[in-house]
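Next come the chains, spelled out residue by residue.
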Amino acid sequence: QVQLVESGGGLVQPGGSVRLSCVASGGIFSVYTMGWYRQAPGKQRELVAVITSGGSTNYADSVKGRFTISRDNAKNTVYLQMNSLNSEDTAVYYCNADNRVRLPYWGQGTQVTVSS
């Protein structure tokens with residue numbers, strides 16, 4: 001079973017930057033499409049960014065130009081670089097792994113709070 005562990009969340013000032021990391025174990029990382037989702041209190045979980053096994057990326061409109069998703073297959077890790085953060089980015093951020101064979105795997109999430 002694939003396990004995902006997110007890290008890097010915390011308190012950040014408006015306009016600041018944070019890099020989230022997600023380390024995967026228990027699977028062949030390089031074949032998975034990896035994604036970042038977020039969920040704020042009272043709101044649905046939403047897609048933030050996704051990167052395929054071939055390196056293609058897609059982003060939610062709300063984060064385009066500010067966030068960058070990347071992966072390092074040698075380290076079984078996917079990253080989310082978040083710049084120009086604002087209060088609307090406050091949420092629990094979840095890592096997702098999908099190999100299109102079964103329901104995707106999810107990490108337990110890491111809290112990002114943007115506040116002065």
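Quick caveat: nothing in here was measured; it's all calculated off a predicted structure.

Chemist: Can you tell me about the overall build of the protein chain, naming the residues and giving the values?
Modeler: Summing up its helical and strand segments, the protein chain has zero helices and eleven strands in all. For the protein chain, the succession of helices and strands along the chain, N to C, is β-β-β-β-β-β-β-β-β-β-β. Against the compact-globule benchmark of 13 Å for 116 residues, the protein chain has a radius of gyration of 13 Å, which places it among compact chains. For the protein chain, the spread of C-alpha atoms along the three principal axes comes to 40 × 25 × 25 Å. The burial tally for the protein chain puts 40% of its 116 residues in the buried class. Contacts spanning at least 24 positions in sequence make up 53% of the contacts within the protein chain whose residues lie at least 6 apart. Per element, the accessible surface of the protein chain, about 6,300 Å² overall, is 46% carbon and sulfur. The protein chain carries 10 positive and 7 negative side-chain charges, and their two centres are separated by 4 Å.

Chemist: Go over the environment of Asn99, please, and point to the residues and values.
Modeler: Tracing the sequence through the fold places Asn99 in the loop between β9 (91-98) and β10 (105-106). In this structure, the C-alpha to C-alpha distance between Asn99 and Thr68, residues 31 residues apart in sequence, is 21 Å.

Chemist: Help me get a handle on the pairing of strand β5 (residues 46-51), residues and values and all.
Modeler: Here five bridges tie strand β4 (residues 33-39) to β5, and the two strands are oriented antiparallel to one another. For Met34, the partnering residue across the bridge sits in β5 and is Ile51. Taking the residues between adjacent antiparallel strands as the criterion, β4 and β5 are bridged by six residues, where Gly42 takes a positive phi near 80 degrees. Bridge count for β5 against strand β6 (residues 57-59) is three bridges, and the pairing is antiparallel. Each residue of the ladder has a partner; that of Ala49, found in β6, is Tyr59. The turn linking β5 back onto β6 is made up of five residues, and Gly55 within it adopts a positive phi angle of 95 degrees.

Chemist: Break down unusual backbone geometry for me, citing the residues and quoting the values.
Modeler: Phi is positive for Asn76, close to 50 degrees, though the residue is something other than glycine. Locating Asn76 in the fold gives a position in the loop between β7 (67-72) and β8 (77-82). Residue class for Asn76 comes out partly exposed when judged on its relative accessible area of 26%.

Chemist: If you had to explain the sheet that holds β7 to someone new, which residues and values would you point to?
Modeler: Read across the open sheet, the four strands follow the order β1-β3-β8-β7; overall the sheet is antiparallel. Bordering the open sheet on either side are β1 (3-7) and β7, each of which pairs with just one other strand. Geometrically, the sheet is characterised by an average inter-axis angle of 15 degrees between neighbouring strands, direction not taken into account.

Reading the values: the criteria
- Residues numbered from 1 in each chain as written.
- Predicted model: local features only at pLDDT ≥ 70, side-chain atom pairs only at ≥ 80, totals over all residues.
- Heavy atoms only, no water.
- Helix = DSSP H or I, 4+ residues; strand = E, 2+ residues; numbered from the N terminus.
- Rg over C-alpha atoms; globule rule 2.2 N^0.38 Å.
- Buried < 20%, exposed > 50% of the residue type's maximum accessible area, 1.4 Å probe, protein only.
- Contact = heavy atoms within 4.5 Å.
- Areas by Shrake-Rupley, 256 points an atom, 1.4 Å probe, with all protein chains shown as cover.
- Lys, Arg positive; Asp, Glu negative; His and termini not counted.
- Charge placed at Lys NZ, Arg CZ, Asp CG, Glu CD.
- Pairing = 2+ DSSP bridges.
- Axes fitted to C-alpha atoms, helices over the stretch in contact; angles between N-to-C directions.

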